[in-house]
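Coordinate analysis (summary)
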Amino acid sequence: MVGSVPLVWVLTLAAGLFCIGLFGALSRRNIVGMLMGIELMLNSVNINLVAFWRYLQPTGTAGLVFAIFTIAVAAAEVAVGLAMVIAIYRARLTINADEIDTLKG
Amino acid sequence: MNPIAIGVFIVIALLTLGSGIMVVTVRNIIHSALWLIASFIGVAALYLLMEAEFLAVVQILVYAGAVSILVLFAIMLTRQVTGEGVRVVFERWWVALLIALGLFGVIVPTLWQHGSTWEEASKLAQVGPAPVEGTAAAGLQVATATEIGRSFMGEYLLPFEVISILLLMALIGAIVIAYEERTRRRRVLTLAEELALKKRGIVEPRDAEGAVVALDSEQA
C-alpha cells in the first residue's frame, strides 16, 4: 500500500469524504440526517490521522491513539445527540430543523 | 509499484465515496442510514489496507455496530417525519453544495502542492532501524495493538482517563435527557386504533391523543 499509493491520494479521498459530509450536515432538514453528515466528517478526519501515521511515523503510536480518541468522542457525541433528538421529538413531535426555532430571535 | 494495491485502493475509495454520496442524497432516511454503514465499512477496509488492524476492528465495532444501530433506532422512534411529500433538504441546498465544493477546491490543490515533500518524507520513514548484528534483519516494525496499549497506559494515561470520564458523562447525560417519567408517557397506539384513526382521515400525530380519547368514549 505505502509503496504504491501516494499519501496525497489517501488525503484527497479523506477531503472528498469530508466535503460530502459537510454537504449532508448543511443541507439536510432532518436532525438525524445532519448527525449522519457529521459522522462522515469525523470519519474522514480519522482517515487523515491514520494515513499520516502510516506514511510518516509508522513506528510511533500518536496517530492511532488520536484516532481512537476521536472515535470515543464521536460515540459520546452520537449518544447525547440522539438522546436530544428523541427528547425534542417527544416535546415538539418534529425533528425538522426548520420548525425548531424557539431560540430564533 | 504494486498494481493490485492500487486497484484495491481505488475500489475501496469508490465504495466509500459512492456510499457517502448516497448518504447525503437519498430521500429515504433509513436507506441513508444503511448507506452510512456501507461507508463505515469502506473506511474500515481502508484502515486494513494501511495496516491499522486494531483500528479497523474498532471501526467495525463502534461505527458499523453501535453508532449505526443507534441512528436507526432514533429514526424509528421519530418515524412520523419520514413520510412522503416531506421536504428532505433545505430550499437553498445549492448554497451548501457550493460551500462543500469550494472547500474541496481549496483543500485538494493545497494537498497536491505538498505531495512531493510528503513523498520523500514517507520514503525516509519506511526505512526501519539498521539490523543488529547476529540477529535477523530488523526491518520496519509498524506499531501494533500492543504498542497502542502501552502508550495508553504510559504516555497518554491522562487523556485516557479523561476520555473514560467523558464516556461516563455521555452515558449518564443520554439517559437523563432521553428519560421520560412514567406519568407523562404517551400511550402507544395499537394497530386497530391507528387504522380507525386513518379511516377518519386523522394522520397528524398532534391529534392522536384527543382522537384516541374520542374513540374510547365512542366505544364505551
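Criteria and thresholds
Numbering of residues starts from 1 in each chain and follows the order in which that chain's sequence is written. Each chain takes a letter, starting from A, and each ligand takes a number, starting from 1, following the order in which they are written. Owing to the predicted nature of the model, reporting of local features is limited to residues with pLDDT of at least 70; listing and counting of side-chain atom pairs is limited to 80 or more, with chain, interface and lining totals taken over all residues. Note: side-chain values were computed over all heavy atoms of the structure, leaving out hydrogens and water. UniProt positions are given in the numbering used here, feature names are shortened, and annotations may be inferred rather than shown by experiment. Segments assigned H or I by DSSP are reported as helices when at least four residues long, segments assigned E as strands when at least two residues long, and all are numbered from the N terminus. The globule rule used here is 2.2 Å times the number of residues to the 0.38 power, and the radius of gyration it is set against is calculated over C-alpha atoms. For every residue, the accessible area obtained with a 1.4 Å probe (protein chains only) is divided by the maximum for its type, and the residue is called buried under 20%, exposed over 50%, and partly exposed between those limits. Contact between two residues is taken to exist if any of their heavy atoms lie within 4.5 Å; hydrogens are not considered. Note on terms: buried area is the combined drop in 1.4 Å-probe accessible area of two parts once they are placed together, counting the loss on both. Put simply, a salt bridge is a Lys or Arg side-chain nitrogen that is within 4 Å of an Asp or Glu carboxyl oxygen. Any N or O atom pair separated by 3.5 Å or less is treated as a polar contact, with the protein-specific requirement of one donor-capable and one acceptor-capable atom, and with residues adjacent in sequence counted only for side-chain atom pairs. Two kinds of site are reported from a 1 Å grid over the protein atoms alone, namely cavities, where a 1.4 Å probe fits but cannot get out, and pockets, open sets with protein on both sides within 12 Å along at least five of seven lines, and residues are called lining when an atom falls within 4 Å of a point. Grid points are joined across faces, edges and corners, and a volume is the space filled by probe spheres set on the points. The nonpolar class holds Ala, Val, Leu, Ile, Met, Phe, Trp, Tyr, Cys and Pro. Asp, Glu, Lys and Arg form the charged class, and all remaining residues, Gly among them, are polar. By convention here, the domain bounds are inherited from an automatic or database domain assignment. A pair of Phe, Tyr and Trp rings is counted when the ring centres sit within 6.5 Å of each other, with Trp represented by its six-membered ring. The angle between the planes then sorts it: under 30 degrees is stacked, over 60 is edge-to-face, the rest tilted. Of all possible arcs, the one meant is that of the directions from the helix axis to the C-beta atoms.

As annotated in an unreviewed UniProt entry, chain B carries the name NADH-quinone oxidoreductase subunit J and is attributed to Herpetosiphon aurantiacus. Under the heading Function (unreviewed entry), UniProt records this for chain B: "NDH-1 shuttles electrons from NADH, via FMN and iron-sulfur (Fe-S) centers, to quinones in the respiratory chain. Couples the redox reaction to proton translocation (for every two electrons transferred, four hydrogen ions are translocated across the cytoplasmic membrane), and thus conserves the redox energy in a proton gradient." In the Subcellular location (unreviewed entry) part of its UniProt record, chain B is described as follows: "Cell membrane".

In the annotation of an unreviewed UniProt entry, chain A is listed under the name NADH-quinone oxidoreductase subunit K and assigned to Herpetosiphon aurantiacus. The Catalytic activity (unreviewed entry) comment attached to chain A in UniProt states, word for word, "a quinone + NADH + 5 H(+)(in) = a quinol + NAD(+) + 4 H(+)(out)".

Here we take up the overall build of chain A. Along the backbone of chain A there are three helices and zero strands. Ordered by position from the N terminus, the helices and strands of chain A form the series α-α-α. A compact globule built from 105 residues would reach a C-alpha radius of gyration of about 13 Å, whereas chain A, at 17 Å, exceeds it by more than 25%. Seen through its C-alpha atoms, chain A measures out along the principal axes to roughly 55 × 25 × 25 Å. Going through the 105 residues of chain A one by one, you find that 65% of them count as buried. By sequence separation, contacts in chain A at least 24 residues apart represent 59% of the contacts at least 6 residues apart.

In this section: the UniProt feature "transmembrane region" (unreviewed entry) in chain B. Residues and elements named next belong to chain B. Per the UniProt record, "transmembrane region" (unreviewed entry) is annotated on residues 6–26, 33–50, 56–77, 89–112 and 156–179. Helix makes up 100% of residues 56–77 and strand 0%, and the two end C-alpha atoms of the span are 30 Å apart. When the span residues 89–112 is considered, its composition is 83% helix and 0% strand, and the gap between its end C-alpha atoms is 33 Å.

Next up on the list: the interface of chain B and chain A. Each partner contributes to the interface: chain B provides 90 residues, whereas chain A provides 78 residues. Summing both sides of the interface, chain B and chain A together bury roughly 7700 Å²; the carbon and sulfur share of this comes to 77%. Sorting the residues of chain B by area buried against chain A places B:Val24, B:Met50 and B:Phe90 first, and these three jointly supply 9% of that buried surface. Of the charged contacts in the structure, one is a salt bridge between A:Arg54 and B:Glu51, with a shortest N-O distance of 2.8 Å. Applying the counting rule to chain B against chain A returns ten residue pairs in polar contact (both at pLDDT 80 or more). Among the elements of the structure, α1 (3–25), α2 (29–49), α3 (53–77), α4 (93–113), α5 (115–125), α6 (145–153) and α7 (157–178) of chain B are those that each provide at least two residues to the side of chain B that touches chain A.

Before going further, it helps to spend a moment on empty space enclosed by the protein. Within the structure shown, the criterion is met by one cavity of 30 Å³ or more. If you go around the largest cavity, the residues you meet are A:Leu64, B:Glu51, B:Ala52, B:Glu53, B:Phe54, B:Leu55, B:Ala143, B:Thr144, B:Ala145 and B:Ile148. Within the residue set of the lining of the largest cavity, elements represented by two or more residues are α3 and α6 of chain B. The element contributing the most residues to the lining of the largest cavity is α3(B), with three residues. Here the lining of the largest cavity is built from residues that sort into seven nonpolar, one polar and two charged. Domain assignment of the residues forming the lining of the largest cavity places at least three in each of domain 1 (1–83) and domain 2 (144–206) of chain B.

A few words on the environment of A:Ala51. Its place among the elements puts A:Ala51 in helix α2 (residues 31–56). Separated by 38 residues in the primary sequence, A:Ala51 and A:Leu13 place their C-alpha atoms 11 Å from one another.

To continue, consider the packing of aromatic side chains. Within the structure shown, the criterion is met by five aromatic pairs over all chains. For the ring pair A:Phe69 and B:Phe152, a centre distance of 5.6 Å and an interplane angle of 75° mean the geometry is edge-to-face. Highlighted residues: A:Phe69 in helix α3 (residues 62–92) and B:Phe152 in helix α6, drawn from two different chains. Note on A:Phe69: relative accessible area 12%, which makes it buried. On the accessibility criterion, B:Phe152 (10% relative accessible area) is buried. Residues B:Phe40 and B:Tyr63 carry aromatic rings whose centres are separated by 4.7 Å and whose planes lie at 45° to one another, so their mutual orientation is tilted.

Turning next to α6(B). Among the residues of α6(B), those classed as buried are B:Ile148, B:Ser151 and B:Phe152. Mapping the buried residues of α6(B) onto a view down its axis gives an arc of 105°, with all of them on the same face. Of the exposed residues in α6(B), the ones pointing more than 90 degrees away from its buried face are B:Arg150 and B:Met153. Along its buried surface, α6(B) packs onto α3 of chain A together with α3 and α7 of chain B.

Trans peptide bonds make up the majority, and among non-glycine residues the majority have a negative phi. One non-glycine residue, B:Glu51, lies in the positive phi region at around 60°. Here B:Glu51 shows up in the loop between α2 and α3.

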